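Fold and geometry: a report
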2 protein chains.
Amino acid sequence: MPDPDAPDIRPSEFDRLGEDVPLLEGIRTTRAIRRLRPDPVPREVIRKVCEAGTFAPSGGNRQPWRFIAVTDPERRQWVADRYRPRFHAYIAPAQERASEDPEFPEARRRMQRAAIHLADHLHEAPVHLFVAAYTRGGKPQLQAAMPCIQNVLLACRAVGLGASLTTLHTGFGEECDRWLGLPDNCPSCALIPIGWPIGKYGRPPRRPLS
Amino acid sequence: MPDPDAPDIRPSEFDRLGEDVPLLEGIRTTRAIRRLRPDPVPREVIRKVCEAGTFAPSGGNRQPWRFIAVTDPERRQWVADRYRPRFHAYIAPAQERASEDPEFPEARRRMQRAAIHLADHLHEAPVHLFVAAYTRGGKPQLQAAMPCIQNVLLACRAVGLGASLTTLHTGFGEECDRWLGLPDNCPSCALIPIGWPIGKYGRPPRRPLS
């Protein structure tokens, strides 16, 4: 359906990547993937998943999001060095509960182990994708940024990339946003570490709808 | 992939509905659809799109959302009667700009007309789906609710339903939440009017990624 306002997509070898994955199956099998291979991700594939983000709805179609993909190894190290201690401080109480309580659910133990793995290997994740949101009335427009981020996560699933969502970097948010060159009215609200997965996709555990 | 924690999906005639729509194409062609036919939507289809919502990520996999589908005509009238005046108060300034400014973009005029149509016909939309989010630290967990809502909108696209997202009902949020029987710690954060579309799907206008 031609649309004069639609973005200009250049044909490339990556155009067909992931296009066959069904929507509903993709939704049901998108889960946080926190064990990532260090192999690089082509720029075109990163563009593709970010572009999917831009199709999220936003009030007045303002599209108040901004994407920053950090791929340089030294810059990823900078992020990882600041993320790691904050993550460990965050997870410590739950880790203690897990070690003291034999009834602590195995699914949560697995999640903890994966999250710890990610924090300890964050510098190796080939892409640190930051999504920032312009403020409105002084607050970042999360109502638009979060659906945009969900589209990015689903698109990663489609093209076969592993990804997960963290907001713990906001613990050093101001320093990070200055370092990323973001203006004051557009703070980063999510960090999405992306890479080719070590694990596999599968249906994540959910409570029944009712 | 069998998962002991996975919800129990009963086989039904609706199981295959929408399963063939591709993920990335679905993301690119999901847009607000505000002109809806009054024909009823089978309960199983509503369940299906809500279930897609439950696959969104949430901190600690807390799944802090709740769905309330209002389908009774008198109850939809109750919602519509309260929504309409608030919507018109909200849109009035933009409507004035549109009528005074010949340069006002045609795409925005179309969006205004569709939103006005929805407000004036809200009682006819066969499903008023409210998504509520449990609070944490006193605030509804929008970081989880918004991706959940995006999944619902995408699932509507997959099964062929028209839907759009509005938060203007929060203008009578407390009254509405009491009426819906929601507890104080789980306010509704979105109203998604759903129905079979009068219009067609297509790629919505977006600025280029860069």
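Refer to the structure presented above.
Overview of the structure. Computed from a prediction, not measured in an experiment: that's the story for all the values here.

Per the secondary structure count, chain A includes six helices and six strands. The linear arrangement of helices and strands in chain A, starting from the amino end, is α-α-β-α-α-β-β-β-α-β-α-β. Scaling as 2.2 N^0.38, a compact globule of 210 residues should have a C-alpha radius of gyration of about 17 Å, and chain A matches this with 18 Å. Dimensions of chain A, computed from the C-alpha atoms along their principal axes, are close to 60 × 40 × 40 Å. Here chain A holds 210 residues, and the buried ones make up 40% of them. Residue pairs at least 24 apart in sequence account for 83% of intrachain contacts in chain A once pairs closer than 6 positions are excluded.

Moving on, we get to the relation of the copies chain B and chain A. Expressed as a screw transformation, the operator carrying chain B onto chain A has a rotation angle of 180° and an axial translation of 0.0 Å, and the superposed copies differ by an RMSD of 0.0 Å. Both copies are brought into coincidence by an operation consistent with a two-fold rotation axis.

Residues and elements named next belong to chain A. At their nearest, the axes of helix α2 (residues 43-53) and helix α5 (residues 142-159) sit 7 Å apart, and the two run at 140° to each other. Classified by the angle their axes make, α2 and α5 are oblique. Relative to α5, α2 is oriented so that their crossing is right-handed. Residues Val45, Lys48, Val49, Cys50, Ala52 and Gly53 of α2 touch α5, and the partners they reach there are Cys148, Ile149, Asn151, Val152, Leu154, Ala155, Cys156 and Val159. In terms of residue class, the contact of α2 with α5 is made up of eleven nonpolar, two polar and one charged.

With that settled, consider the interface of chain B and chain A. Facing 51 residues of chain B, the contacting portion of chain A comprises 52 residues. Elements with a minimum of two residues in the side of chain B that touches chain A: α1 (23-28), α2 (43-53), α4 (106-120) and α5 (142-159) of chain B. Residue contributions to the side of chain B that touches chain A peak at ten residues, all from α5 of chain B. Tallied by class, the residues present in the side of chain B that touches chain A amount to 28 nonpolar, eleven polar and twelve charged.

Residue and element names in this part refer to chain A. Judged by pairing direction, the sheet is antiparallel, and its four strands sit side by side in the order β1-β2-β6-β5 without closing on themselves. Two strands lie at the open edges of the sheet, namely β1 (65-70) and β5 (162-163), each paired on one side alone. Summarising the sheet, β1 and strand β2 (residues 127-133) pair through six bridges and their orientation is antiparallel. By the bridge assignment for β2, Arg66 is matched with Ala132.

Residue and element names in this part refer to chain B. Strand order in this open sheet of four strands is β1-β2-β6-β5, and the pairing throughout is antiparallel. Each having just a single partner strand, β1 (65-70) and β5 (162-163) make up the two edges of the open sheet. The strands touched by helix α6 (residues 173-180) are β1, β2 (127-133) and β6 (188-195); relative to β6, the strand with the most contacts, the crossing angle is about 70°.

Here we take up unusual backbone geometry. Residue and element names in this part refer to chain A. For Asn61, which is not a glycine, the phi torsion comes out positive at approximately 50°. Assignment of secondary structure puts Asn61 in the loop between α2 and β1. A positive phi angle, close to 50°, is found at Gln63, a residue other than glycine. Checked against the element boundaries, Gln63 lands in the loop between α2 and β1. The partly exposed category is assigned to Gln63, around which 19 C-beta atoms lie within 10 Å.

Right, let's get into the nonpolar core. As a rule of thumb, soluble globular proteins bury nonpolar side chains together. The biggest cluster of nonpolar side chains holds 104 residues, and the ones touching the most others in it are Val131 of chain A together with Val131 of chain B. Once residues lying within four places of it in the same chain are set aside, the contact partners of Val131 of chain B are Trp65, Phe67, Ala145, Cys148, Ile149, Ser188, Cys189, Ala190 and Ile192 of chain B.

Given 3.6 residues per helical turn, the α-helix brings residues three or four places apart onto the same face. All names here are of chain A. An ideal rise of 1.5 Å per residue puts 40 Å on 28 residues; helix α3 (residues 73-100) measures up with 38 Å between its terminal C-alpha atoms. Of all the bends in α3, the greatest reaches close to 40° and is centred on Ala92; the proline Pro93 follows between one and four positions later. Buried within α3 are the following residues: Arg76, Val79, Ala80, Tyr83 and Phe87. On its buried face, α3 sits against β1, α4 (106-121) and β2.

Here the focus is the environment of Arg206 of chain A. All names here are of chain A. Here Arg206 shows up in the segment after β6 (188-195). By C-beta crowding, Arg206 is classed as partly exposed, having 19 other C-beta atoms within 10 Å. Along the primary structure Arg206 and Asn61 are separated by 145 residues, whereas in three dimensions their C-alpha atoms are 32 Å apart.

Attention shifts here to the packing of α3 of chain A against α4 of chain A. All names here are of chain A. Interhelical geometry of α3 versus α4 gives an angle of 160° and a closest axis separation of 10 Å. In this view, α3 runs roughly antiparallel relative to α4, as classed from their interaxial angle. As α3 runs across α4, the sense of the crossing is left-handed. Residue-level inspection shows Tyr83, Arg84, Phe87, His88, Ile91, Ala94, Gln95 and Ala98 of α3 in contact with α4, the latter providing Arg109, Gln112, Ala115, Ile116, Ala119 and Asp120.

Another point: α5 of chain B. Residues and elements named next belong to chain B. Helix length check: α5 (18 residues) gives 25 Å between terminal C-alpha atoms against 26 Å at 1.5 Å per residue, within 8%. Burial within α5 is extensive, with 17 of its 18 residues counted as buried. At the exit of α5 stands Gly160, carrying a positive phi of roughly 95°.

Each value, and the rule that gives it
- Residues numbered from 1 in each chain as written.
- Chains lettered and ligands numbered in written order.
- Predicted model: local features only at pLDDT ≥ 70, side-chain atom pairs only at ≥ 80, totals over all residues.
- Helix = DSSP H or I, 4+ residues; strand = E, 2+ residues; numbered from the N terminus.
- Rg over C-alpha atoms; globule rule 2.2 N^0.38 Å.
- Buried ≥ 20, exposed ≤ 12 C-beta atoms within 10 Å, placed from the backbone.
- Contact = placed C-beta atoms within 7 Å.
- Least-squares fit on C-alpha atoms with pLDDT ≥ 70 in both.
- Axes fitted to C-alpha atoms, helices over the stretch in contact; angles between N-to-C directions.
- Parallel < 35°, antiparallel > 145°, perpendicular 65-115°, else oblique.
- Left-handed = near helix turned anticlockwise from the far one by under 90°.
- Nonpolar A, V, L, I, M, F, W, Y, C, P; charged D, E, K, R; others polar.
- Pairing = 2+ DSSP bridges.
- Core = buried A, V, L, I, M, F, W, Y, C linked by C-beta atoms within 7 Å.
- Expected span 1.5 Å × (residues − 1).
- Bend = angle between axes of the 7 residues up to and from the residue.

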